[in-house]
Amino acid sequence: MVGGVSAPRKSPALRLTAWGRPPSLADVDVPDPGGTEVLVRVEAAGICHSDLHVLDAAPGALPYRLPFTLGHEIAGQVVAAGSAATGVADGDRVAVHGPWGCGECRRCAAGEDNYCHRRAELAFSGAGLGRDGGMAGHVLVPHPRHLVPIGDLAASQAAPLTDAGLTPYHAVAGLTLAEGAAAVVIGAGGLGHVAIQLLRALTPARVFAVDVREEALELAARSGAHRTLRPGPDTAAVLRRETGGGAEAVLDFVGSDPTLSLGAGVLRPAGSLVIVGSGGGKLTIAKPGVLPPGVSVSLPFWGSARELREVIALARAGRLRVETEPFPLTAAADAFQRLREGRIRGRAVLLP
Ligand code: NAD
Ligand code: ZN
Ligand code: ZN
């Protein structure tokens, strides 16, 4: 439990007020935490490609109620807490575990709010996704269980680790990759370049990275990819040949029709197709069909609080580093536009 609010009464927040309209920066009241709530002064908030999907969503396509503050990758400092918020102290530096569920189901009790059983009933999936998030001076976190201590890790690293780090970590944790296995990462952007580092740090797999942008392929190589390719008509054939018959795992961080069909086309029997990107593509599952026998298809969403602690530990041990481009919160519109145009290397991070 911590004491009095040492925060200003107003601070800026990037608000989504109408579907199909760009978000706008507004001065909002700094909330007073009550009960289990914790007030965090935001030091950094990452911009995810999912934020663009939210901005582009048609009215009614997402269950979220407007308005809310964007930002689901958050790190900062605890500045106040409600009387029932135990285990936190004023000044604690924390990363925010962004998926916020009902708090009561079996999944939430296990820190797996990302798979909350009541997700369909809730009008939010977490911070900045239907609930006020971290592209702001402050964020009100509903419960201290969503906070992970970061020690002296830079906030500009910790913030993107909560999604660009956590989501690939959860995706890679679900794979079994033995010596000699091949993993193909499609899309080496914010999530993809961290996925490559995780595959190298945690598995013996040979890592192939595919991206349409030269700059992303350079980042993929620096992140540890053994081989980088731009997609073309013969990419599936090249990958099948160079992997010696196909990949044990494909991690698709795009999820469009062409990337899903590339993924399906390079898998070995009993391989894993891990679809992370929300690019609107479709894949027909049929027996027999385009997928080899024994293939598992998964649609992982974000990751658990325990996994976030493991990701933060890897970063603090120097085994993981997010490539970031910093922007002041006031330049959020420019940063969003750059992400849209494929002009961000790694992750854009807003600094309030
Ligand atoms: P990003 O924009 O940083 O990276 C996407 C990368 O894909 C870019 O480098 C881009 O050049 C590349 N790309 C685009 N089209 C391609 C193609 N046809 N072939 C190969 N590469 C291509 O995006 P991000 O923030 O890393 O997010 C990636 C995707 O994952 C988004 O759809 C996002 O919404 C989704 N996402 C899902 C989860 C989840 O839990 N499942 C979590 C976060 C993000
Ligand atoms: Zn995200
Ligand atoms: Zn729940």
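Residues numbered from 1 in each chain as written. Chains lettered and ligands numbered in written order. Predicted model: local features only at pLDDT ≥ 70, side-chain atom pairs only at ≥ 80, totals over all residues. Heavy atoms only, no water.

1. A short note on the nonpolar core
So, point 1. By size, the foremost hydrophobic cluster in this structure holds 90 residues, and its most contacted members are L70, M135, L147, L251 and F336.
So, point 2. Ranked by the residues each element gives to this core, the list is headed by helix α3 (residues 155-173), at nine residues.
So, point 3. Residue contributions to this core reach at least three from each of two domains, namely domain 1 (10-163 + 303-351) and domain 2 (175-298).
So, point 4. With 20 residues, the next largest nonpolar core counts A182, L260, V266 and I275 among its residues. (Core = buried A, V, L, I, M, F, W, Y, C linked by side-chain atoms within 4.5 Å. Buried < 20%, exposed > 50% of the residue type's maximum accessible area, 1.4 Å probe, protein only. Helix = DSSP H or I, 4+ residues; strand = E, 2+ residues; numbered from the N terminus. Domains from an automatic or database assignment.)

2. Comments concerning the coordination of the zinc ion (ligand 3)
So, point 1. Taken together, C102 (SG), C105 (SG), C108 (SG) and C116 (SG) make up the protein donors of the zinc ion (ligand 3), found 2.3 to 2.4 Å from the metal.
So, point 2. Metal-centred angles of 104 to 117 degrees between the four donor atoms at the zinc ion (ligand 3) mark the site as tetrahedral.
So, point 3. Mapping the donors of the zinc ion (ligand 3) onto the primary sequence yields the spacing C-x2-C-x2-C-x7-C. With C102 in the loop between β6 (93-96) and α2 (106-109) and C116 in the loop between α2 and β7 (126-127), this pair connects stretches of sequence that are 14 residues apart. (Donors = N, O, S within 2.8 Å, 3.2 Å for Na, K, Ca; no water. Tetrahedral: all angles 85-135°; square planar, octahedral: opposite > 155°, others 65-115°.)

3. Considering the side chain of Q197
So, point 1. For Q197, the position within the fold is in helix α4 (residues 190-202).
So, point 2. We classify Q197 as buried; its relative accessible area is 13%.
So, point 3. Of note is the side chain of Q197, whose polar atom sits 2.8 Å from the backbone oxygen of R321.
So, point 4. Apart from residues no more than four positions distant in its own chain, Q197 is found in contact with S223, R319, L320 and R321. (Polar contact = N/O pair within 3.5 Å; in protein donor to acceptor, adjacent residues only side chain to side chain. Contact = heavy atoms within 4.5 Å.)

4. What about the coordination of the zinc ion (ligand 2)?
Tetrahedral coordination by four donors puts the ideal angle at the metal at 109.5 degrees, and octahedral coordination by six puts it at 90 or 180 degrees.
So, point 1. Coordination sphere of the zinc ion (ligand 2), protein contribution only: C48 (SG), H72 (NE2) and D163 (OD), at 1.8 to 2.3 Å.
So, point 2. Between consecutive donors of the zinc ion (ligand 2), the numbers of intervening residues give the motif C-x23-H-x90-D. With a gap of 24 residues between them, C48 in the loop between β3 (38-47) and α1 (49-56) and H72 in the loop between β4 (68-69) and β5 (73-81) connect regions that are remote in the sequence. With respect to burial, C48 and H72 carry one shared label: buried.

5. A look at helix α6 (residues 235-242)
So, point 1. Along α6, the positions that sit buried rather than exposed are T235, A236, V238 and L239. For α6, the angular spread of the buried residues around the axis is 160 degrees, confining them to a single face.
So, point 2. Once α6 finishes, G244 follows within two positions and takes phi at roughly 70 degrees, a positive value. (Arc of directions from axis to C-beta.)

6. Section: the layout of surface pockets
So, point 1. Of the volumes computed, that of the second largest pocket is approximately 200 Å³.
So, point 2. Along the walls of the second largest pocket sit 16 residues, with P31, D132, H138, V139 and L140 positioned nearest its centre.
So, point 3. Broken down by secondary-structure element, the contributors of at least two residues to the lining of the second largest pocket are β1 (10-16), β2 (24-29) and β9 (138-141).
So, point 4. Looking at the lining of the second largest pocket, its residues break down into eight nonpolar, four polar and four charged. (1 Å grid on protein atoms, 1.4 Å probe; cavity = no way out; pocket = protein on both sides within 12 Å on 5 of 7 lines; lining within 4 Å. Points joined across faces, edges and corners; volume = space filled by probe spheres on them. Nonpolar A, V, L, I, M, F, W, Y, C, P; charged D, E, K, R; others polar.)

7. Some details on the environment of R227
So, point 1. Mapped onto the elements of the fold, R227 is located in strand β13 (residues 227-229).
So, point 2. Using a relative accessible area of 29% as the deciding quantity, one classes R227 as partly exposed.
So, point 3. Once the C-alpha coordinates of R227 and A216 are considered, the two residues, eleven residues apart in sequence, prove to be 13 Å apart.
So, point 4. Among the polar contacts listed, one links the side chain of R227 to the side chain of E242, at a separation of 2.6 Å.

8. A word on the domain arrangement of the protein chain
So, point 1. According to the domain assignment, the protein chain consists of domain 1 (10-163 + 303-351) and domain 2 (175-298).
So, point 2. Buried area between domain 1 and domain 2, summed over both chains or domains, comes out near 1,200 Å², and the portion from carbon and sulfur atoms is 57%.
So, point 3. It is R319, L320 and R345 in domain 1 that bury the most area against domain 2; as a group they hold 32% of the surface buried on that side.
So, point 4. At the junction of domain 1 with domain 2, the criterion picks out two salt bridges.
So, point 5. For E323, the salt bridge is made with R222, and the minimal N-O distance between the two is 3.3 Å.
So, point 6. The tally of links between domain 1 and domain 2 comes to seven residue pairs in polar contact (both at pLDDT 80 or more).
So, point 7. Counted by class, the side of domain 1 that touches domain 2 contains four nonpolar, three polar and seven charged residues. (Buried area = accessible area lost by both parts, 1.4 Å probe. Salt bridge = Lys/Arg side-chain N within 4 Å of Asp/Glu carboxyl O.)

9. Description of the pattern of salt bridges
So, point 1. In the structure shown here, the tally under the stated rule is 18 salt bridges.
So, point 2. A salt bridge links E248 to R268; the shortest N-O distance between them is 3.0 Å. Pair noted here: E248 is in strand β14 (residues 247-252) and R268 is in strand β15 (residues 267-275), with a separation of 20 residues, a long-range link.
So, point 3. When its relative accessible area of 25% is taken as the criterion, E248 is described as partly exposed.
So, point 4. Look at R268 and you get partly exposed, because its relative accessible area is 24%.
So, point 5. For E323, the salt bridge identified is with R345, shortest N-O distance 2.7 Å. Note that E323 is positioned in the loop between α8 (305-316) and β17 (324-328) and R345 in the loop between α9 (332-340) and β18 (347-351), a separation of 22 residues in sequence.
So, point 6. Here the salt bridges share partners, and the residues they tie into one network are E215, R222, E323 and R345.

10. Some remarks on unusual backbone geometry
So, point 1. A cis amide bond links L66 with the next residue in sequence, P67, at an omega value of -5 degrees.
So, point 2. Cis geometry marks the peptide bond from K287 to P288; its omega dihedral reads -10 degrees.
So, point 3. Within the element layout of this structure, P288 appears in the loop between β15 and β16 (296-298).
So, point 4. Phi is positive for A270, close to 65 degrees, though the residue is something other than glycine.
So, point 5. Mapped onto the elements, A270 comes out in strand β15.
So, point 6. You will see that W302, though not glycine, has its phi angle at about 50 degrees, which is positive.
So, point 7. For W302, the position within the fold is in the loop between β16 and α8.

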